[in-house]
Amino acid sequence: MADETVPFTPARSSTSSAPPDTPLTPDTSVTLKKRVTLLNGCTIIIGSIIGSGIFISPRGVLLYTGSVGMCMVVWSLCGLLSLIGALCYAELGTSIVKSGGDYAYIREAFGDLPGFLCLWVYLIAIVPTVEAILALTFATYIIQPVFYGCAVTTAPDSGVALIAAVAIGGLTAVNCINVKWSTALQDVFTITKLLACVVVIIAGCAKLAMGGNVVPAGEDAFEGSITDIGKVSLAFYSGLFAYTGWSDHPNTPLI
């Protein structure tokens, strides 16, 4: 006698009160527990929009523009481009109500293959590269004070890379072990980042109030501006990197 074939039934959520023979519905199907609160969702979105690039990009923008006036022009144009992009994403978010950001929009407009390629590029190239840049910057800021006043003023590359690797590995472990730990850590990081921005703004305003003019009277703010298209492009890249974040969570539910 042939063995009877038993159909496979997915496991049910441990919190479901439905009888074992009840068909799976959206209310009884297996889902992840909702552990992200409104505060956690807000800090995740704020932390993504106000990225750590703001602590990295100003030096690059000023370096590749050559003058204060050109630097302000680049920052203004980067802000304008980001504003236009954010408005477009706001319209897309209300027209295509799906989570996934770029992936969802490209898949909806052009099909599965372009959507998959977009997601693949993000996972393989873009996101890891950005995380590596942020980790290396964090490691540089952490280790640099150790060499302050020493004969060797530059931190060794191996030490910076090691600290960056430990930071990425530690954050990955926290996210894998417990969602509450990761959201609590995100809350702390976002609040710390906002406080750092406030300190920088207050310090700058205080310096201006004490007479620390950016451009001395009688001098041209655009004197020494760099017009090389390659360097200006790098300045725009640095500025847009600081503004990156407006496209990360157009349809992310908070709870």
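Above this note sits the structure.
Residues numbered from 1 in each chain as written. Predicted model: local features only at pLDDT ≥ 70, side-chain atom pairs only at ≥ 80, totals over all residues. Heavy atoms only, no water.

Draft legend 1. Structural view of the overall build of the protein. Of regular secondary structure, the protein possesses eight helices and zero strands. Along the protein, helices (α) and strands (β) appear in the sequence α-α-α-α-α-α-α-α when read from the amino end. When each of the 255 residues of the protein is scored for burial, the buried share is 22%. Looking at the protein alone, contacts between residues at least 24 apart form 66% of all its contacts between residues at least 6 apart. (Helix = DSSP H or I, 4+ residues; strand = E, 2+ residues; numbered from the N terminus. Buried < 20%, exposed > 50% of the residue type's maximum accessible area, 1.4 Å probe, protein only. Contact = heavy atoms within 4.5 Å.)

Draft legend 2. Region of interest: the pattern of salt bridges. The final tally for this structure, using the stated rule, is two salt bridges. The partner of Glu108 in a salt bridge is Lys98, and the shortest N-O contact between them spans 2.7 Å. In this pair, Glu108 is assigned in helix 4 (residues 102–110) and Lys98 in the loop between helix 3 (68–95) and helix 4, connecting sequence segments ten residues apart. (Salt bridge = Lys/Arg side-chain N within 4 Å of Asp/Glu carboxyl O.)

Draft legend 3. Examining a nonpolar patch on the surface more closely. Judged by side-chain polarity, Leu113, Phe116, Leu117, Leu119, Trp120, Val121, Tyr122, Leu123, Ile124, Ile126 and Val127 come together as a nonpolar surface patch covering roughly 1000 Å² of accessible area. With respect to the element layout, Ile124 can be found in helix 5 (residues 112–143). (Patch = residues over 30% accessible without salt bridge, like charges linked within 9 Å, V, L, I, M, F, W, Y side chains within 5 Å. Areas by Shrake-Rupley, 256 points an atom, 1.4 Å probe, with all protein chains shown as cover.)

Draft legend 4. The arrangement of the packing of helix 6 (residues 157–177) against helix 7 (residues 179–209) in detail. Where helix 6 contacts helix 7, the axes come no closer than 5 Å and their chain directions differ by 130°. Considered as vectors, helix 6 and helix 7 are oriented oblique to each other. Here Leu171, Val174, Asn175 and Ile177 of helix 6 come into contact with helix 7, specifically with Val179, Trp181, Ser182, Leu185 and Phe189. For the contact of helix 6 with helix 7, the class distribution of residues is seven nonpolar, two polar and no charged. (Axes fitted to C-alpha atoms, helices over the stretch in contact; angles between N-to-C directions. Parallel < 35°, antiparallel > 145°, perpendicular 65-115°, else oblique. Nonpolar A, V, L, I, M, F, W, Y, C, P; charged D, E, K, R; others polar.)

Draft legend 5. A look at the packing of helix 3 against helix 8 (residues 229–243). Where helix 3 contacts helix 8, the axes come no closer than 9 Å and their chain directions differ by 50°. Regarding the angle of helix 3 to helix 8, the classification is oblique. Pair helix 3 / helix 8 crosses with right-handed handedness. The residues of helix 8 that touch helix 3, namely those facing Met70, Val74, Trp75, Leu77, Cys78, Gly79, Leu81 and Ser82, are Val232, Ala235, Phe236, Gly239, Leu240, Ala242 and Tyr243. In the contact of helix 3 with helix 8, the residues fall into twelve nonpolar, three polar and no charged. (Left-handed = near helix turned anticlockwise from the far one by under 90°.)

Draft legend 6. Fine view of the environment of Ala155. If you trace the backbone, Ala155 turns up in the loop between helix 5 and helix 6. Once the C-alpha coordinates of Ala155 and Tyr141 are considered, the two residues, 14 residues apart in sequence, prove to be 9.8 Å apart.

Draft legend 7. Quick look at helix 5. With 32 residues, helix 5 ought to run about 46 Å at 1.5 Å a step, and its terminal C-alpha atoms sit 45 Å apart, in line with that. Tyr122 marks the point of greatest bend in helix 5, at about 45°. All buried positions along helix 5 are accounted for by Gly115, Cys118, Ala135, Thr137, Ala139 and Ile143. Of the surrounding elements, those touching the buried residues of helix 5 are helix 4 and helix 6. (Expected span 1.5 Å × (residues − 1). Bend = angle between axes of the 7 residues up to and from the residue.)

Draft legend 8. Inspection of helix 3 at higher detail. Here helix 3 is 28 residues long and its end C-alpha atoms lie 41 Å apart, about the 40 Å a rise of 1.5 Å per residue gives. Every buried residue of helix 3 is accounted for by Gly69, Cys71, Val74, Trp75, Cys78, Gly79, Ser82, Gly85, Tyr89 and Gly93. The opening residue of helix 3 is Ser67, an N-cap whose side-chain oxygen sits 3.2 Å from the backbone nitrogen of Met70. (Polar contact = N/O pair within 3.5 Å; in protein donor to acceptor, adjacent residues only side chain to side chain.)

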